2 protein chains.
Amino acid sequence: MMEIEAQAPGVQERDFSALDKARVVEALARVLPVGVLMFENEDLRPYECDGLAAYRSVPMAVVLPTTEEQVVAVLRTCSELGVPVVARGAGTGLSGGALPHPQGVLLSLARFNRIVHLDPHARTAVVQPGVRNLAISEAAAPHGLYYAPDPSSQIACTIGGNVAENAGGVHCLKYGLTVHNLMRVRGVTIEGEVVEFGNHALDAPGYDLLALMTGSEGMLAVVTEVTVRLTPKPQLAQCVLAAFDDVIRAGDAVAAIIAAGIIPAGLEMMDQPATAAVEEFVHAGYPLDAKAILLCESDGTPEEVAEEIARVREVLERSGATEIRVSRDEAERMRFWAGRKAAFPAAGRMSPDYYCMDGTIPRKRLGEMLSAIQRMETEYGLRCINVFHAGDGNLHPLILFDANQAGEMERAEAFGAEILELSVALGGTITGEHGVGIEKINQMCSQFSVAERTQFFRVKAAFDPAGLLNPGKAIPTLHRCAEYGRLHVSGGAVPHPDIPRF
Amino acid sequence: MMEIEAQAPGVQERDFSALDKARVVEALARVLPVGVLMFENEDLRPYECDGLAAYRSVPMAVVLPTTEEQVVAVLRTCSELGVPVVARGAGTGLSGGALPHPQGVLLSLARFNRIVHLDPHARTAVVQPGVRNLAISEAAAPHGLYYAPDPSSQIACTIGGNVAENAGGVHCLKYGLTVHNLMRVRGVTIEGEVVEFGNHALDAPGYDLLALMTGSEGMLAVVTEVTVRLTPKPQLAQCVLAAFDDVIRAGDAVAAIIAAGIIPAGLEMMDQPATAAVEEFVHAGYPLDAKAILLCESDGTPEEVAEEIARVREVLERSGATEIRVSRDEAERMRFWAGRKAAFPAAGRMSPDYYCMDGTIPRKRLGEMLSAIQRMETEYGLRCINVFHAGDGNLHPLILFDANQAGEMERAEAFGAEILELSVALGGTITGEHGVGIEKINQMCSQFSVAERTQFFRVKAAFDPAGLLNPGKAIPTLHRCAEYGRLHVSGGAVPHPDIPRF
């Protein structure tokens, strides 16, 4: 293993402090037209953070290329000078994946905002990375089609960022993550080579570098074009709201729905503090006496929806739901969802600050996680409201704190870290859809063994031998993990105190 | 690029001729119990080929380990001595992916044949790689579940081989390829490190090495355990048989079904020579005057099936079908499929030898491909019968020849190569589900650019720096492509004579 460590670039964190800003700016100016390169402090400031605003850093320069040739020129120049490059879409990411490097270039793809081609017959769209997620669905709408993955930031977030994070959304249980809705990516390596992976067929020969690129958090290449799959719009969607007098029972109902062979278009869970928080904000009509509610959506033809909802109702009744309502029209369906979608802003109204977690656990362990979170609330002296993409086991506990109260932020971070480590110990992961970025890099030490992390570094080095693309993100160095001092717990070798040894 | 070439191991084909068999056997004997290692010629002979019997090679030794520790010991020993290792499942592959290396060790996973755990609640099964594809469905059947990917070799082929080839099947249009039905793989690197990628959640942090391993044709690691997703058995399946008096029209009907937003459980096409060949063999009741037939399967609840079949019928009528039959019962449905499934044996009855191709093209270009194949039949003086997984554009033209007639095998190979290159030129790929192996390695030069192939090599080197796992397969060396002399045509730079410049 020591030999591997020495071999794989990126295993050691690199020191870029000797880079000279003037030299970098001069080299970029030689290869880029006027208006693409920015380096004055006031121009750089808007790029200092993404959606995780707790981390901020001003880059050396920002480039806003308009063509693939300019992207090649930027990457080739940075490669020659050994300058870090951080690619950025709309900057809506929640894990700091687009946090600039202080000695690096921030490469914004905002101007790559063209839908190149939309083929309703083949149900595909070729788009540039800076196209907004929702803009694809808008362009496809006249053909009765849409782009299925729908992260809650879909009004603003761009497809390039979706590829980098393998974005999901409320409907990914049925329609898949970004990786399941992509057919092809075109990109540029740090050395300036243009490559394409995937194609319009169901499978491609060679290693699956399309899947490898997806969710790689900007660390392997810079995407310049994407072909996405479009999905026919369902004729009808209806939503079931079910109330439970016990959170564990609600969690078990989620597992029972899936075990019955039903794959709902969405299956969300909120606990009582969450429904209380949103109800006074949006008046969704949620039953406030319920300890937890489930929202279960069905879509398809009217016949399919009727049949599926009958089966869902049967499972919910058997699981002990105290109340079941089915949306009677589109207005009521939208109202059911309005509450769920308002959960984050509602948390923002209840508390000066909140910290959104993103762990994922096997569905059948939802109850255990909820009990543990209750224990942690007491332990850390902080409130937590729970909003889950329950169908796929993806949790968004929102830890409420006040950063102006001494020690609260630290307690919130420790609370969050414990949730993530329990997620891993329960057989899950530290991130469902928000990515690792800078935020969850320490928890990667718990998720993966040294051999596995070393393999990640070697794959990184296969694309970016000098470690210039988004350095310091997503994959922790062996050194960092040693300092962090947590052991790898996947596979159950080091059980968490909350769960029995397995 | 020259610098990359020099750096990336595996870019040059390695020479293993200096390896001494006695030394390799002695080293393996020291780390393995009796009964695991074979090296006498008569014991090696059964392993000399896989399903592509035209290529044969006797390995230096065969190992049949029973535990992961033994796999680690074999790989560590081979790694230290620099000995090539070829992993093998049931050997049903059709591209020579499990062809032994004459100076290498053949590692059979036949004894890894245990279903470790089946969880009907979570709808998952943990299985060893030597478990047969169909055995998983059999074990899941009492719970109303099955394993969806169903390659036609599913009685014999094993899940380890399915992972290596990213196997598909008749139902993959709706239910996905192997990669879409996998949750986790555990494997051993050539250096003997045990690694796990993926987990029981919908997504995993870090690079998607689970997807990267899938379809990597045994070149990145040796799989020792797999967690697969299980699918609920549909309540009902019905099959529509549609006849057309023109193959192009049949091809267009396929595209129209998909464009209408219908995703059938299976969508197959056979041309008149294919139906004639199977009809006298299995009496499926196919209309023999039709130039082509489609088989379109629908599954789900009775309501879903009825609704979908009504829509399929409507599209088929609009597309000019001359006859439409819907299976009235399970016996008739099985008879419709019996003909399709007998296509390969029927080809075997018609001709002393046949060569099965596996190109994939965009659905809307099916008609063009069929016209071109007709032209090639005349050009090469050989007959070709066409059986297509039409729904996903995966073609299985069966070129009939007699290896005992001088020149026929060479003509069949050239015919096949031209089909594959046309597949790439039409925007498709050289393999849909059978893998590249040794058979299609030259066509990889047409499919990928030098930059892309170099990237493949670097990924390979990230797992296997010395190039010992399955050397000479799947990814051609730059040198081989230079010798082969064909240009990269993806992206349309070098159009095929059959298609307009695009």
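Residues numbered from 1 in each chain as written. Chains lettered and ligands numbered in written order. Predicted model: local features only at pLDDT ≥ 70, side-chain atom pairs only at ≥ 80, totals over all residues. Heavy atoms only, no water.

(A) Representation of the overall build of chain A within the structure. Counting its regular elements, chain A contains 18 helices and 18 strands. Against the globule reference of 23 Å for 502 residues, chain A gives a C-alpha radius of gyration of 23 Å, in line with a compact fold. Along the first, second and third principal axes, the C-alpha atoms of chain A reach 70 × 55 × 45 Å. Burial status across chain A gives 62% buried among its 502 residues. The contacts in chain A between residues at least 6 apart in sequence include a share of 72% that link residues at least 24 apart. (Helix = DSSP H or I, 4+ residues; strand = E, 2+ residues; numbered from the N terminus. Rg over C-alpha atoms; globule rule 2.2 N^0.38 Å. Buried < 20%, exposed > 50% of the residue type's maximum accessible area, 1.4 Å probe, protein only. Contact = heavy atoms within 4.5 Å.)

(B) The arrangement of the sheet that holds strand β15 (residues 323–326) of chain A in detail. Residue and element names in this part refer to chain A. Taken in spatial order, the 7 strands make up an open sheet running β15-β12-β14-β13-β17-β18-β16, and their pairing is antiparallel. Only two strands of the sheet have a single neighbouring strand rather than two, namely β15 and β16 (353–356). For this sheet, the mean inter-axis angle between neighbouring strands, taken without regard to orientation, is 15 degrees. One ladder, built from 9 bridges, connects strand β12 (residues 236–244) with strand β14 (residues 292–300); its direction is antiparallel. When the bridges of β14 are listed, F244 appears paired with A292. Its contacts with the sheet put helix α10 (residues 272–282) on β13 (266–271), β14 and β17 (384–389), and the angle it makes with β13 is roughly 90 degrees. Across the face of the sheet, helix α14 (residues 366–380) comes into contact with β13, β17 and β18 (394–401) while running at roughly 160 degrees to β17. (Pairing = 2+ DSSP bridges. Axes fitted to C-alpha atoms, helices over the stretch in contact; angles between N-to-C directions.)

(C) The arrangement of the pattern of salt bridges in detail. Evaluated as defined, the whole model comprises 46 salt bridges over all chains. Note that E439 of chain B and K440 of chain B form a salt bridge whose closest N and O atoms lie 3.0 Å from each other. The same class applies to E439 of chain B and to K440 of chain B, which are both buried. Through salt bridges that share partners, E68, R184, R186, E196 and E225 of chain A make up one connected network. (Salt bridge = Lys/Arg side-chain N within 4 Å of Asp/Glu carboxyl O.)

(D) Local environment of the side chain of E418 of chain B. Mapped onto the secondary structure, E418 of chain B falls in helix α15 (residues 408–425). Residue class for E418 of chain B comes out buried when judged on its relative accessible area of 14%.

(E) View of the packing of aromatic side chains. The tally for this structure, following the rule as stated, stands at 12 aromatic pairs over all chains. On the numbers, 5.3 Å between centres and 15 degrees between planes, the contact of Y380 of chain A with F415 of chain A is stacked. Of this pair, Y380 of chain A sits in helix α14 while F415 of chain A sits in helix α15 (residues 408–425); the two residues are 35 residues apart in sequence, bridging distant segments of the chain. Each member of the pair, Y380 of chain A as well as F415 of chain A, carries the same accessibility label: buried. Here a set of aromatic residues connected by ring pairs shows up, and it is made of F197 and Y207 of chain A together with F448 and F456 of chain B. (Phe/Tyr/Trp six-rings, centres within 6.5 Å; stacked < 30°, edge-to-face > 60°.)

(F) Structural view of unusual backbone geometry. For R123 of chain A, which is not glycine, the phi torsion reads 60 degrees and is therefore positive. Residue position: R123 of chain A is located in the loop between β5 (115–119) and β6 (124–127). Positive phi values are uncommon outside glycine, yet A474 of chain B reaches one of about 65 degrees. Counting through the fold element by element, A474 of chain B comes out in the loop between α17 (450–463) and α18 (478–484). On the basis of relative accessibility, which here comes to 5%, the residue A474 of chain B falls in the buried class.

(G) Looking closely at the domain arrangement of chain A. All names here are of chain A. Here chain A is partitioned into domain 1 (22–232), domain 2 (236–345) and domain 3 (350–492). Here the C-alpha centre of domain 3 lies 24 Å away from the C-alpha centre of domain 1. If you look at the interface, domain 1 gives 34 residues, while domain 3 gives 24 residues. Both sides together, the interface formed by domain 1 and domain 3 hides about 2,500 Å², and carbon and sulfur atoms give 66% of it. Scanning the region where domain 1 abuts domain 3 turns up 0 salt bridges. Linking domain 1 to domain 3 there are 13 residue pairs in polar contact (both at pLDDT 80 or more). Those elements that provide at least two residues to the side of domain 1 that touches domain 3 are α4 (68–81), β3 (85–88), α7 (172–175) and α8 (209–213). (Domains from an automatic or database assignment. Buried area = accessible area lost by both parts, 1.4 Å probe. Polar contact = N/O pair within 3.5 Å; in protein donor to acceptor, adjacent residues only side chain to side chain.)

(H) Representation of the interface of chain B and chain A in the model. Taken together, the 72 residues of chain B in the interface contact 72 residues of chain A. Carbon and sulfur atoms make up 62% of the surface buried where chain B meets chain A, a total of about 5,800 Å² over both sides. At the boundary of chain B with chain A, the tally comes to 4 salt bridges. Taken together, chain B and chain A are joined by 12 residue pairs in polar contact (both at pLDDT 80 or more). Mapped by element, the contributors of at least two residues to the side of chain B that touches chain A are β9 (194–198), α8 (209–213), α9 (247–259), α11 (302–318), α16 (444–447) and α17 of chain B.

(I) Spotlight on the environment of H283 of chain B. Residues and elements named next belong to chain B. Along the polypeptide, H283 turns up in the loop between α10 (272–282) and β14 (292–300). On the basis of relative accessibility, which here comes to 54%, the residue H283 falls in the exposed class. Linking H283 and F336, residues 53 residues apart in sequence, is a C-alpha distance of 9.4 Å.

(J) Broad picture of the relation of the copies chain B and chain A. Least-squares fitting of chain B to chain A yields an RMSD of 0.1 Å, with the superposition described by an axial translation of 0.0 Å and a rotation of 180 degrees. Viewed as a symmetry operation, the transformation between the two copies matches a two-fold axis. The share of interface residues of chain B whose copies in chain A are also at the interface is 100%, consistent with both copies meeting through the same surface. (Least-squares fit on C-alpha atoms with pLDDT ≥ 70 in both.)

(K) Layout of the environment of N162 of chain B. Residues and elements named next belong to chain B. Tracing the sequence through the fold places N162 in helix α6 (residues 159–165). For the pair N162 and T178, spaced 16 residues apart in the sequence, the C-alpha separation amounts to 6.7 Å. Once residues lying within four places of it in the same chain are set aside, the contact partners of N162 are N133, P151, C157, A167 and T178.

(L) Quick peek at the pairing of strand β6 (residues 124–127) of chain B. Residue and element names in this part refer to chain B. Residues of β6 alternate between two faces, with T124 and V126 on one and A125 and V127 on the opposite face, all of them buried. One ladder, built from 4 bridges, connects strand β5 (residues 115–119) with β6; its direction is antiparallel. Following the sheet pairing, H117 is matched in β6 by V126. Joining the antiparallel neighbours β5 and β6 is a turn of 4 residues, in which R123 adopts a positive phi near 55 degrees. Relative to strand β10 (residues 222–229), β6 runs antiparallel, the two being bridged by 4 bridges. Its bridge partner lying in β10, V126 is registered against T227.

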